[in-house]
Amino acid sequence: MLELVKVLGSVEPEALTSVTGALSDGLKEGARRVQAGERAGLGELLSLARDPDVGLALGALVGVLRGFGKSLRERSAEGSPPHGPHS
């Protein structure tokens, strides 16, 4: 929990607000689709590659994954074992 507080404290407030707001909107849309019983068909999945909103979201996720992976690699090279409740 303390690590989470440290991480959140190190993130720029504008970036955190943007990401949490977008995540909230995404969760609402996901919940709406579940309540409406909407399933993604093959055609919709294929058309997602051309959707600018999906492209933007994927770009953001790729950035998060790259930063996360780089940090894990650097910490591993420094000999810092990952910290967690099960280590």
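Look above for the structure.
Worth saying up front: this structure is predicted, and the values here are computed from it rather than measured.

**A few points about the pattern of salt bridges**
Across all of its chains, the model carries 5 salt bridges by this definition. Among the ionic pairs, E38 bridges to R33, the shortest N-O distance being 3.8 Å. Among the residues examined, E38 registers a relative accessible area of 35% and is labelled partly exposed. The residue R33 makes a salt bridge to E44 at a minimum N-O spacing of 2.9 Å. Taken together, the positions of R33 in helix α2 (residues 13-36) and E44 in helix α3 (residues 42-47) put the pair 11 residues apart, joining distant regions of the chain. Here the salt bridges do not stand alone but share partners, grouping E29, R32, R33, E38 and E44 into one network.

**A word on the environment of E44**
Judged by relative accessible area, E44 falls into the partly exposed class, the value being 30%. Taking the C-alpha atoms as reference points, E44 and D25, 19 residues apart in sequence, are found 20 Å from one another. With residues near it in sequence (within four places) discarded, E44 still touches R33 and R39.

**Quick word on a nonpolar patch on the surface**
On the surface, a nonpolar cluster with roughly 350 Å² of combined accessible area is contributed by M1, L4 and L8. Take L4: its relative accessible area is 47%, and that puts it in the partly exposed class.

**What about the environment of R32?**
Within the secondary structure, R32 sits in helix α2. Residue classification places R32 among the partly exposed residues on the basis of a relative accessible area of 37%. In the structure, R32 is positioned 36 residues away from F68 in sequence and 30 Å away in space, judged by C-alpha atoms. At 2.8 Å, the side chain of R32 forms a polar contact with the side chain of E29.

The rules behind these values
Residues numbered from 1 in each chain as written. Predicted model: local features only at pLDDT ≥ 70, side-chain atom pairs only at ≥ 80, totals over all residues. Heavy atoms only, no water. Salt bridge = Lys/Arg side-chain N within 4 Å of Asp/Glu carboxyl O. Buried < 20%, exposed > 50% of the residue type's maximum accessible area, 1.4 Å probe, protein only. Helix = DSSP H or I, 4+ residues; strand = E, 2+ residues; numbered from the N terminus. Contact = heavy atoms within 4.5 Å. Patch = residues over 30% accessible without salt bridge, like charges linked within 9 Å, V, L, I, M, F, W, Y side chains within 5 Å. Areas by Shrake-Rupley, 256 points an atom, 1.4 Å probe, with all protein chains shown as cover. Polar contact = N/O pair within 3.5 Å; in protein donor to acceptor, adjacent residues only side chain to side chain.

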